[in-house]
Amino acid sequence: MAQDEYRDHVCDLCGANDPVELPHSRHYTNDQPIHVCRACGFVYVIRRRSAERIAEVWSTEIFGSGYTAAIPAVTARLTYVAEFVNQQVGLRGKRLCEIGGGEGAFMNMIREPRYGAEPFGIEPSRANGEKLRGLGIRHFTGTVEEFAAAKHAGEPPFDVAVMLWTLENCQDCRRMLSLARGMLKPDGAVVVATGSRLLVPFKKPLHTYLQKNPTDTHCFRFSANTLQGILSVSGFDIAHVNRYLDHDILCVIGRPRSADRPAKWQGDNFLDICGFFERWHVDTAMYFPDRIG
């Protein structure tokens, strides 16, 4: 595949090919469209490059531009996730794999005596891989797809797989969750954390949510319903959902579901999503009129 060859995608959640453009998205994304599915209300980017190319852009351009997780806001949200997972699942003695391990902040945290987990990271960035090596954290340098192709690099099944502000940035969210399911023990757990942004009170101006980076570096925008939905259609039962309504974080924990039981989920009304972004745009314009393109 050519380096920047794009391909159009149908809705990752329900499979419909009936999108409508998200209101005002082009004002914030340098004229790049983002869409919402009329059938299920899932917000997604239609035109995407390959998973390998998107991972490369994150590794060399976004992380390479000086991005770091070593700031108080990120430490706070990772601490929240560690506490939530520890209370709901328990971490002590568990083998935990972080898909998209970044600089290792979460893995370094959960191996401390308070949690007592055994971390392993999957991280495509070689620079971040060097940081993980410096921390003494065992890891695989590459994408989760490459990890699966390497037959999990000889690693035994994990108790917990986590994706922290990562699932929204991949090229194929269902495939990533399917691969995560394949690396878990039968009684394991998957944890997905992201920002609590859709169909909740506004927590940040729209120009800090929709940005000018290539939109396929952030293909998906989850509400509580659609995040639970994508976990369900990817083979998980929903075990725990945090108090996302008035919190900055949306965190959902799933357990592998047996193949003989159907997925149960509900999406959002796409008109509710469109109306939400209309109001969000108006609210942002009240305070930051100069930030609207």
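Attention here is on the structure that accompanies the text. (Residues numbered from 1 in each chain as written. Predicted model: local features only at pLDDT ≥ 70, side-chain atom pairs only at ≥ 80, totals over all residues. Heavy atoms only, no water.)

Focus: the sheet that holds strand 10 (residues 184-195)
Backbone hydrogen bonds hold the strands of a sheet together, and the pairing may be parallel or antiparallel. Spatial ordering of the open sheet is given by 8-7-6-9-10-13-12, a layout of seven strands whose pairing is mixed. Edge positions in the sheet fall to strand 8 (139-141) and strand 12 (236-241), since each has one partner strand and no second. Each neighbouring strand pair of the sheet contributes to a mean axis angle of 20°, computed without reference to strand direction. In this structure, strand 6 (residues 95-99) lies alongside strand 9 (residues 158-164), joined through three bridges in parallel fashion. Opposite Cys97, over in strand 9, you have Ala161 as the bridge partner. (Pairing = 2+ DSSP bridges. Helix = DSSP H or I, 4+ residues; strand = E, 2+ residues; numbered from the N terminus. Axes fitted to C-alpha atoms, helices over the stretch in contact; angles between N-to-C directions.)

Section: the packing of helix 7 (residues 173-182) against helix 8 (residues 224-233)
With their axes 9 Å apart at the nearest point, helix 7 and helix 8 run at an angle of 55° to one another. In this view, helix 7 runs oblique relative to helix 8, as classed from their interaxial angle. Here helix 7 and helix 8 pass one another in a crossing that is right-handed. Of the residues in helix 8, those in contact with Cys173, Arg174 and Leu177 of helix 7 are Ile230, Leu231 and Val233. Looking at the contact of helix 7 with helix 8, its residues break down into five nonpolar, no polar and one charged. (Parallel < 35°, antiparallel > 145°, perpendicular 65-115°, else oblique. Left-handed = near helix turned anticlockwise from the far one by under 90°. Contact = heavy atoms within 4.5 Å. Nonpolar A, V, L, I, M, F, W, Y, C, P; charged D, E, K, R; others polar.)

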